[in-house]
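Close look at the chain arrangement
Here is what each chain is made of, one letter per residue.
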Amino acid sequence: RDWSSDVCSSDLLNSPELNAKLKHQGGRLAKLVEEQSQTQALVDELYLTFLTRYPTDAERSASAQYLDRPGVDRREATQDLGWSLMNTLEFMFNH
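Residues numbered from 1 in each chain as written. Predicted model: local features only at pLDDT ≥ 70, side-chain atom pairs only at ≥ 80, totals over all residues. Heavy atoms only, no water.

Looking at helix α4 (residues 39-51)
- With 13 residues, α4 extends 18 Å between its outermost C-alpha atoms, agreeing within 8% with the 18 Å of an ideal straight helix rising 1.5 Å per residue.
- Buried residues of α4: Thr39, Leu42, Val43, Asp44, Leu46, Tyr47, Phe50 and Leu51, and no others.
- Of the residues flanking the end of α4, it is Thr52, one or two places downstream, whose phi is positive at about 55°. (Helix = DSSP H or I, 4+ residues; strand = E, 2+ residues; numbered from the N terminus. Expected span 1.5 Å × (residues − 1). Buried < 20%, exposed > 50% of the residue type's maximum accessible area, 1.4 Å probe, protein only.)

Below, the structure written as structure tokens:
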């Protein structure tokens, strides 16, 4: 197996540039948080954005629970969820 592509993917996903894009005030994630007041709709849009599919019921439930935790900053939690979706094997090998 050629691990070089895995290493490159890891370097890309951990890059400061990518992190800045996820946190950008005018970026896609910031707009989604503003546009989607319903958590379920926000989760659906995140999955469509990163994985080009709707979440399963289990994924939707877990993601909604993460976003709806008491005292959580919704935008920051959305960035975290976006980061985690980008770190899935599905994202790395299919997109």
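As for the packing of aromatic side chains
- A full pass over the atoms with the stated rule returns one aromatic pair.
- Seen from the ring of Tyr66, Arg69 lies directly overhead, with NZ or CZ sitting 4.0 Å from the centre. (Phe/Tyr/Trp six-rings, centres within 6.5 Å; stacked < 30°, edge-to-face > 60°. Lys NZ or Arg CZ within 6 Å of the ring centre and 35° of its normal.)

Section: the packing of helix α3 (residues 28-35) against helix α6 (residues 74-86)
- As a packed pair, α3 and α6 sit with axes 10 Å apart at the nearest point and diverge in direction by 130°. One finds that α3 runs oblique with respect to α6. Pair α3 / α6 crosses with right-handed handedness. Residue-level inspection shows Leu29, Ala30 and Val33 of α3 in contact with α6, the latter providing Arg74, Arg75, Thr78 and Gln79.
- Across the contact of α3 with α6, the residue classes break down as three nonpolar, two polar and two charged. (Axes fitted to C-alpha atoms, helices over the stretch in contact; angles between N-to-C directions. Parallel < 35°, antiparallel > 145°, perpendicular 65-115°, else oblique. Left-handed = near helix turned anticlockwise from the far one by under 90°. Contact = heavy atoms within 4.5 Å. Nonpolar A, V, L, I, M, F, W, Y, C, P; charged D, E, K, R; others polar.)

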